[in-house]
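# Structural overview for review
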Amino acid sequence: MSMMRLAFLNFKNSFRNYLSLIVSLAFTILVFLNFQNLIYSNTFSVLGQRNKEYIHILIQVISIVLICFMFFFIWYSTNVFLTRRKKEIGVYIFMGLTNQKIGKLYAIETTLTGLSALAAGIVTGLTVSWLFQMVLLAISDIAVDIDFCITWQPVLFASVVYLIIYLIFVLKGYINILRSSVLEMISASRKNEFVRWKASVLIMKSLLGTAVTCTGYYMAVKDGGQEVMGNVLIAVVLVIAGTYLLFGGLIPFVFQNLVRNKKILYRKERSLWMNNLVFRIQKNYRTYAMVCILMLCSVTALATGFAMRTRYDNITRFRNTYTFQALSTKNDLDPLLKQKIEQSSELKYSSQIPLLVPDSSMFETKYQNIEYGIVSWSDVKKAAEDTGLKFELKEPADDELIELRHIYLLSLLTDRSGITVTINGKKYRQIDDCDEAYLGYFQEGMNLYVVNQREYERLLSLGQEIYTFNYRIQDMTQFENIRKNLNALTKSDGQDSTGMVAIDPHNSDIEWIRVLYSICIFMFMVFILASGSILFMKLYNDAFEEKGRYQVLKKLGFDRKTLKRAAAHELFVAYAAPFLLMAVSSYFSVHALAKMMFTSLLTTWLVSIAVILAFFLICYRLSVSIYQKNAGIR
């Protein structure tokens, strides 16, 4: 019998064992292919060239993340199944086969598995590509006609990337078999299973892991200025390292001490699974840590999506506070501007705010800008009353001020306490900041500070006072007509004393944020499915290792019901430990993101935790059923 035929028969007979691997890899290919298809399609052309470029950059970044994930996922999954198959293919040694032939047999068999996953992923990916784009655009709330077309570029790119990564680990497995002895192959599935780590090692890892993780939490929520992004990167590294240390130290240390407590160990059927759980956590702590980190990524991705969508809505609201704004040295333009506007549309509201513009050299601030402006608290309050905008600003004292800022998509300045501003040698304490668009567009281009009326009048000598006239129209269909009329008015003025700003309500230069929101939701689902798949595959493989132990326990007189409960408890801890650590870690990551995005994400965190919990409960029930069956106790 040829090696190819023997490998095919092995693959065919073991297809059920490979099914979870094939499905997991096919899903990874499906997701990667559909993201690549977005780059080569014309789906986002309607949003304009700038938005399309931004979206393509985002998808390319996501593609890099997916490639990294695919690399580590294939690495992990092929290692798991190599360990699972080593014992079986090691038997061929006794049939006279050399390690080279066994390695070749493994390589062919694994290649068949990889090609099956690739074919399933490509076919399924192309089948659902139209649905994928439709759902993506529906979540983004973008109305676009989707043309279903199949192009060879994304299929080729996804196939080449996958095959390169997969064949690397096929070659790695082949070399591993060449270097393995018969005894190593026969006992591979049980290697290091019953090794108890020294208490001193566990204590050291526990203390180090706790210290590293807590430091990561602190760096994540620490307020700061431009160093915030560096703090976040440090926090990511520390939390990842701390997670590995906690699963390699603290968690097995806790259970190892629980096992020593006879009152706990000998209650119910705990003696049947707690000892085994300690050894299993120590052996597989990298897997549990990986699952925890993937879930942490999923929660962070979802929080990022909702934060981006909230910021998009707030930025859109901010920009559309006024439809037209005029800036002039004249203070009597309001009646004329209203007349021109009301020829085409009624006004929803309007406001006027005098603005003092001193020379920028008179300002000393933490982060220097090229333009500064000063407005009176009473004028801002009057404008808020005229427009119906929220106004909760306390009137500042003579040595105090309030900053009027625009809405940032992401801010690196999270420490806003103790800020001082020096104007012409006098130091003012910043007591508050506000992102209500009292001055609309003009808040985006300069640093604006609110002082009381006395200080405003005292500072008038420092610069020129100009006047802002702000209008919001009722009928947006008349936007172009009104803009032409107002432009004609300012040109006929004959002087360069008046400038006009028109805020197009249909401007879509930030539509890419809506797409990012939907992409983050997909990444949330991908990471959840990945974490569940990894844990499911590991427990699926562990069931075969435990079959012999459960057979011995049955011979000792333990009934199936008792053994099934013991297995269920062991699997429960395997799912619960990474979930609980993820829930704690994700709180700090979401909290840090909320501070940089100036929005509350507590509800998003709770929802994401609930979704993951529901998904893990489903995986847990499936794992228990399949585990009991494969272990021979069902």
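The residue numbering used here restarts from 1 in each chain and proceeds along that chain's sequence as written. Local features in a predicted model are, by the rule used here, given only for residues with pLDDT of at least 70; side-chain atom pairs are given and counted only at 80 or more, and totals for whole chains, interfaces and linings are based on all residues. The basis for every side-chain value is the complete set of non-hydrogen atoms in the structure, without hydrogens or water.

### Re the overall build of the protein chain
Worth spelling out the cut-off: Going along the chain from the N terminus, every DSSP run of H or I of four or more residues is numbered as a helix, and every run of E of two or more is numbered as a strand. Only protein chains enter the accessibility calculation, which uses a 1.4 Å probe; a residue is then buried when its area is under 20% of its type maximum, exposed when over 50%, and partly exposed in between. What makes two residues a contact is simply this: any of their non-hydrogen atoms within 4.5 Å. Where accessible areas are quoted, they stem from the Shrake-Rupley method and a 1.4 Å probe; at the residue level, only the protein chains shown are allowed to cover.
A count of helices and strands for the protein chain gives 18 helices and 10 strands. When the 634 residues of the protein chain are sorted by exposure, 53% land in the buried category. Here the contacts in the protein chain between residues at least 6 apart in sequence split such that 86% fall between residues at least 24 apart. Of the accessible surface of the protein chain, which amounts to about 29300 Å², a share of 61% is contributed by carbon and sulfur atoms.

### Structural notes on the pairing of strand β8 (residues 447-451)
Counted only if it meets this: For two strands to count as paired, DSSP must find a minimum of two bridges between them.
The buried count for β8 comes to 5 of 5 residues, which makes it a mostly enclosed element. Of the two faces of β8, the one holding Asn447, Tyr449 and Val451 and the one holding Leu448 and Val450 are both buried throughout. The sheet contact formed by strand β4 (residues 372-376) and β8 spans 5 bridges and is parallel. When the sheet's bridge partners are listed, Ser376 is paired in β8 with Val451. As judged from the 3 bridges shared by strand β5 (residues 400-404) and β8, these two strands associate in the antiparallel manner. Bridge pairing in β8 links Glu403 to Tyr449.

### As for the packing of aromatic side chains
We count it as follows: In this scheme Phe, Tyr and Trp rings, the latter by its six-membered ring, pair at centre separations within 6.5 Å, and the angle between planes marks the pair as stacked below 30 degrees, edge-to-face above 60, and tilted otherwise. Each ring is checked for a lysine NZ or an arginine CZ that lies within 6 Å of its centre and within 35 degrees of its normal; such an atom marks a charge sitting over the ring.
Per the stated rule, a full pass over the model turns up 23 aromatic pairs. Between Phe391 and Tyr438, the aromatic rings sit 6.0 Å apart at their centres with planes inclined by 65 degrees, giving edge-to-face as the arrangement. A residue pair is termed long-range when its members are at least 10 positions apart, and Phe391 in the loop between α12 (377-387) and β5 and Tyr438 in the loop between β7 (426-434) and α13 (442-445) qualify at 47 residues. Judged by its relative accessible area of 22%, Phe391 falls in the partly exposed class. The interplanar angle of 80 degrees and the centroid separation of 6.1 Å between the aromatic rings of Tyr575 and Tyr620 together place this pair among those described as edge-to-face. Highlighted residues: Tyr575 in helix α17 (residues 560-597) and Tyr620 in helix α18 (residues 602-630), separated in sequence by 45 residues. An identical accessibility class is assigned to Tyr575 and Tyr620; each is buried. Grouping aromatic residues by their ring pairs yields a cluster made of Phe572, Tyr575, Phe615, Phe616 and Tyr620. Between the NZ or CZ atom of Arg309 and the centre of the ring of Tyr517, over which it lies, the distance is 5.2 Å.

### Looking at helix α11 (residues 334-342)
The test is simple: Throughout, the arc means the angular range of directions from the helix axis out to the C-beta atoms.
For α11, the complete set of buried residues consists of Asp334, Leu337 and Ile341. Take α11 and look down its axis: the buried residues cluster within an arc of 70 degrees, on one side only.

### Examining the pairing of strand β2 (residues 347-358)
The two faces of a sheet get side chains in turn, since along a regular strand they alternate between them. Judged by how many residues are buried, β2 sits mostly within the fold: 9 of 12 residues are covered. Direction of pairing for β2 relative to strand β9 (residues 463-473): antiparallel, over a ladder of 11 bridges. Each bridged residue has a counterpart across the sheet, and for Leu356 the counterpart in β9 is Glu465.

### Let's talk about the nonpolar core
Quick reminder of the rule: We define a nonpolar core as any set of buried Ala, Val, Leu, Ile, Met, Phe, Trp, Tyr and Cys residues linked to one another through side-chain atoms lying within 4.5 Å.
By size, the foremost hydrophobic cluster in this structure holds 125 residues, and its most contacted members are Phe35, Tyr162, Phe247, Met582 and Ile612. By residue number, the principal contributor to this core is helix α16 (residues 512-555), which donates 23 residues. Residue contacts for Met582: discarding those within four places in its chain leaves Cys292, Met295, Leu296, Val299, Ile609 and Ile612. Among the nonpolar cores identified, the runner-up in size contains 23 residues, and Tyr322, Leu389, Cys434 and Ile503 belong to it.

### Some points on the pattern of salt bridges
Condition: By definition, a salt bridge exists where a carboxyl oxygen of Asp or Glu is found within 4 Å of a side-chain nitrogen of Lys or Arg.
On inspection of all chains with the given rule, the structure shows 10 salt bridges. Arg405 is the partner of Asp433 in a salt bridge, and the nearest nitrogen-oxygen pair spans 3.0 Å. Placement of Asp433 in strand β7 and of Arg405 in the loop between β5 and β6 (420-423) is noted, with a sequence separation of 28 residues between them. Exposure class is identical for Asp433 and Arg405. Each is buried. With a shortest N-O distance of 2.6 Å, Arg483 and Glu480 are connected by a salt bridge. A residue pair is termed a helical-turn pair when its members lie 3 or 4 positions apart in one helix, as Arg483 and Glu480 do in helix α15 (residues 479-492) at 3 residues. Taking the relative accessible area as the measure of exposure, Arg483 reaches 27% and is therefore partly exposed.

### With respect to the confidence of the model for the protein chain
To keep it simple, the criterion reads: On a range of 0 to 100, pLDDT expresses the predictor's confidence in each residue.
Looking at the protein chain as a whole, its pLDDT mean stands at 81, while 87% of the residues score no less than 70. The model gives residues 191-195 a pLDDT under 50, and that stretch makes 12 contacts with residues more than four places away or in other chains.

### Concerning a positive patch on the surface
Applied cut-off: To count toward a patch, a residue needs a relative accessible area over 30% and no salt bridge; like charges are then connected within 9 Å, while nonpolar side chains (Val, Leu, Ile, Met, Phe, Trp, Tyr) are connected within 5 Å. Under this rule, positive means Lys or Arg and negative means Asp or Glu; His and the chain ends count for nothing. To locate a charge, take atom NZ for lysine, CZ for arginine, CG for aspartate or CD for glutamate.
Together, Arg560, Lys564, Lys629 and Arg634 make up a positively charged patch on the protein surface. Position of Arg634 among the secondary structure elements: in the segment after α18.

### A short note on the packing of α16 against α17
Note the cut-off: Axis definition: a line fit to C-alpha positions, over the contact stretch in the case of helices; interaxial angles, taken between N-to-C directions, run 0 to 180 degrees. Oblique is the label for every angle not falling under 35 degrees (roughly parallel), over 145 degrees (roughly antiparallel), or within 65 to 115 degrees (roughly perpendicular). Two helices crossing with the near one rotated counterclockwise from the far one by less than a right angle form a left-handed crossing, whereas a clockwise rotation gives a right-handed crossing.
Two numbers describe how α16 lies on α17: the axes approach to 12 Å, and their chain directions differ by 150 degrees. Classified by the interaxial angle, the pair formed by α16 and α17 is roughly antiparallel. By crossing handedness, the relation of α16 to α17 is classed as right-handed. Residue-level inspection shows Leu535, Phe536, Leu539, Arg549, Tyr550, Leu553 and Lys554 of α16 in contact with α17, the latter providing Arg560, Leu563, Ala567, Glu570, Leu571, Ala574 and Tyr575.

### Some thoughts on the environment of Tyr575
Rules: Pairs of N or O atoms within 3.5 Å make up the polar contacts considered here, provided that, within protein, one atom can donate a hydrogen while the other can accept it, and that residues adjacent in sequence are counted only when both atoms are side-chain atoms.
Owing to a relative accessible area of 4%, Tyr575 belongs among the buried residues under this scheme. Each C-alpha atom, one on Tyr575 and one on Tyr620, is 7.1 Å from the other, the two residues being 45 residues apart in sequence. Ignoring sequence-local partners within four residues, the contact set of Tyr575 consists of Leu535, Phe536, Leu539, Phe616, Cys619, Tyr620 and Ser623. A distance of 3.4 Å separates the side chain of Tyr575 from the backbone oxygen of Cys619, its partner in a polar contact.

### Observations regarding unusual backbone geometry
Even without glycine at this site, Asn424 takes up a positive phi of about 55 degrees. With respect to the secondary-structure elements, Asn424 resides in the loop between β6 and β7. By relative accessible area, which is 48% here, Asn424 ends up partly exposed.

### Remarks on a nonpolar patch on the surface
A cluster of nonpolar side chains, Trp152, Leu156, Val160, Ile164 and Ile168, forms an exposed patch at the surface whose accessible area comes to about 510 Å². Inspection of the secondary structure puts Leu156 in helix α5 (residues 152-178). Judged by its relative accessible area of 45%, Leu156 falls in the partly exposed class.

### Topic: helix α7 (residues 199-221)
Quick note on the threshold: One less than the residue count of a helix, multiplied by 1.5 Å, gives the span that helix is expected to have.
For α7, which comprises 23 residues, the first-to-last C-alpha distance of 33 Å matches the rise-based estimate of 33 Å (1.5 Å per residue) to within 8%. Residues Leu202, Lys205, Ser206, Gly209, Val212, Thr213, Gly216, Tyr217, Met219 and Ala220 constitute the buried set of α7.

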